[in-house]
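Next come the chains, spelled out residue by residue.
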Amino acid sequence: MNSKNIRASKLKSFNNKKLLLSTAITMGIFTPSIAISQPFINPKFSEINKYSDKSFITKAVEKTGSSVVTIETQRYVKKRKFSRDSQLFLDPYFERFFGLNLPNENQPRIEQSQGSGFIFADGLIMTNSHVVNGSDKVIVGLTNGKKFQGKLVGQDFFTDLAVLKIEGKGPWTKAKLGDSTKIQVGDWAIAVGNPFGLENTVTLGIISNLKRNVAQLGIYDKKLELIQTDAAINPGNSGGPLLNRNGEVIGINTLIRSGPGAGLSFAIPINKAKKIAYELINNGKVIHPMIGISLIDESNFETNNNSVKVGYVLANSPAEKSGILVNDIIIKVGNKDIETASDVINQISKNGINKQINILLKRKNNFIRLSVVPTDITNLQDN
């Protein structure tokens with residue numbers, strides 16, 4: 001083959017390869033070498049893929065995190081009063097010998113503490129009562145670093161809930177409130193706090209119980225049924241929101257179990273919290289109908305039946321005046337058959353105060369019907 005024929009053959013081979021490459025590109029068929037030399041990037045696809053890489057935790061916190069606030073409280077503590085004839089506090093020798101710093105301890109001072117909360121309505125914050133209780137000054141810190149003075153709208157000691165109003169102009173980022181009746185044991189729970197006013201702290205767990213009676217935890221001065229979770233509530237996160245996987249608030253972080261069974265945390269269900277919050281806003285206080293008894297849940301493993309027994313009757317209470325006794329079994333309250341202590345509490349709460357409610361009891365082998373008129377818990381005194 002002469003040189004002219006060789007060049008013609010090479011040109012034909014090159015044109016054939018070019019045709020194949022053109023066909024491959026047209027049909028969307030790429031070899032690895034072609035893919036590398038001809039990169040293809042779809043900006044929209046990249047953005048979608050970038051977002052899909054985020055965990056549901058990140059997405060949930062992004063929805064609600066900016067509504068979470070720091071609550072800094074200050075309480076003015078007056079100087080301590082010591083007896084004039086107390087030689088220990090008058091003699092400088094004792095002060096030097098024992099390393100006491102009495103002059104400073106005897107001066108007025110300001111105690112500071114911190115918690116969290118979240119904005120649920122225009123300029124209104126939900127938090128725990130114990131976060132703001134006894135405070136002389138409240139400072140609200142937002143996630144963007146801005147700080148405002150907060151005013152206490154109202155607090156309810158018995159449910160450990162308080163409402164604050166931000167004294168400033170919005171707009172305010174509001175949290176989306178969920179429905180605590182729709183959560184189930186085993187659902188994801190995300191605890192969020194804002195302990196330093198700059199960024200959220202987040203912990204993850206599951207819902208492990210939905211109606212934990214605080215009396216079972218040795219807490220007898222609160223009227224609460226709590227959500228139990230193993231999502232850790234860090235110091236300073238008390239009063240912050242408990243979120244579901246969609247970023248909706250399902251509870252308010254309130255208690256940490258530090259003794260036996262440590263590692264458990266508790267939250268006020270948001271449906272209960274909303275009801276209490278709007279009562280505080282509208283009335284400045286919350287009415288808690290009570291008849292003055294403690295309740296004990298009992299289970300019979302042989303019959304697989306539950307019953308509710310009266311454990312204690314408060315002196316001069318509506319229960320005592322109506323004739324209820326310790327060890328009585330509560331069968332029915334109003335029209336509701338009783339299976340748990342929660343049933344009793346709910347029926348009496350629905351009934352309200354200063355209004356008669358019928359109770360069916362079992363005492364030994366006898367059934368007894370009584371009428372009781374609940375009163376507000378603040379009227380109950382054990383004399």
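Residues numbered from 1 in each chain as written. Predicted model: local features only at pLDDT ≥ 70, side-chain atom pairs only at ≥ 80, totals over all residues. Heavy atoms only, no water.

## With respect to the overall build of the protein
- The helix and strand inventory of the protein stands at eleven helices and 20 strands.
- Relative to its full complement of 383 residues, the protein shows a buried share of 37%.
- Partitioning the intrachain contacts of the protein with sequence separation of at least 6 by distance along the chain shows that 63% fall at a separation of at least 24.
- Looking at the protein as shown, the accessible area adds up to about 23,100 Å², and 53% of this sits on carbon and sulfur atoms. (Helix = DSSP H or I, 4+ residues; strand = E, 2+ residues; numbered from the N terminus. Buried < 20%, exposed > 50% of the residue type's maximum accessible area, 1.4 Å probe, protein only. Contact = heavy atoms within 4.5 Å. Areas by Shrake-Rupley, 256 points an atom, 1.4 Å probe, with all protein chains shown as cover.)

## Notes on the side chain of Thr159
- If you trace the backbone, Thr159 turns up in the loop between β5 (147-156) and β6 (161-167).
- Look at Thr159 and you get buried, because its relative accessible area is 1%.
- Engagement of the side chain of Thr159 in a polar contact is seen with the side chain of Asp156, the distance being 2.5 Å. (Polar contact = N/O pair within 3.5 Å; in protein donor to acceptor, adjacent residues only side chain to side chain.)

## Side note on the pairing of strand β4 (residues 137-141)
- Counted residue by residue, β4 has four buried out of five residues, so it is predominantly covered.
- As judged from the five bridges shared by strand β1 (residues 68-77) and β4, these two strands associate in the antiparallel manner. Each residue of the ladder has a partner; that of Glu72, found in β4, is Ile139.
- In terms of strand pairing, β4 meets β5 through four bridges, oriented antiparallel. Counted as the bridge partner of Ile139 is Gln149 from β5. (Pairing = 2+ DSSP bridges.)

## A short note on the pattern of salt bridges
- With the rule as written, the count across this model stands at eight salt bridges.
- Salt-bridge contacts for Arg75 lead to Glu111; the nearest nitrogen and oxygen are separated by 2.6 Å. A residue pair is termed long-range when its members are at least 10 positions apart, and Arg75 in strand β1 and Glu111 in strand β2 (residues 109-121) qualify at 36 residues.
- Since its relative accessible area comes to 36%, Arg75 is described here as partly exposed.
- With a relative accessible area of 31%, Glu111 lands in the partly exposed category. (Salt bridge = Lys/Arg side-chain N within 4 Å of Asp/Glu carboxyl O.)

## Notes on the nonpolar core
- Judged by nonpolar contacts, the single largest core of 25 residues is most densely connected at Phe118, Phe120, Met126, Leu161, Ile252 and Ala273.
- Of all the secondary-structure elements, those providing two or more residues to this core are α4 (56-64), β2, β3 (124-127), β6, β7 (188-193), β11 (249-256), β12 (265-269) and α9 (270-283).
- Not counting residues within four places of it along the chain, the set of residues in contact with Ile252 comprises Phe118, Met126, Asn128, Leu161, Gly239, Gly240, Phe266, Ala267, Ile268 and Ala273.
- Val333, Ala341, Leu370 and Val372 belong to the second-largest nonpolar core, a separate cluster that totals 18 residues. (Core = buried A, V, L, I, M, F, W, Y, C linked by side-chain atoms within 4.5 Å.)

## Some thoughts on the packing of aromatic side chains
- The full count for this structure, using the stated rule, is four aromatic pairs.
- When the centroid spacing of 5.2 Å and the interplanar angle of 85° are considered together, the rings of Phe148 and Trp172 count as edge-to-face. Linking Phe148 in strand β5 with Trp172 in the loop between β6 and β7, this pair joins segments that are 24 residues apart in sequence.
- It is Arg245 that lies over the ring of Phe56; its NZ or CZ is 4.4 Å from the centre. (Phe/Tyr/Trp six-rings, centres within 6.5 Å; stacked < 30°, edge-to-face > 60°. Lys NZ or Arg CZ within 6 Å of the ring centre and 35° of its normal.)

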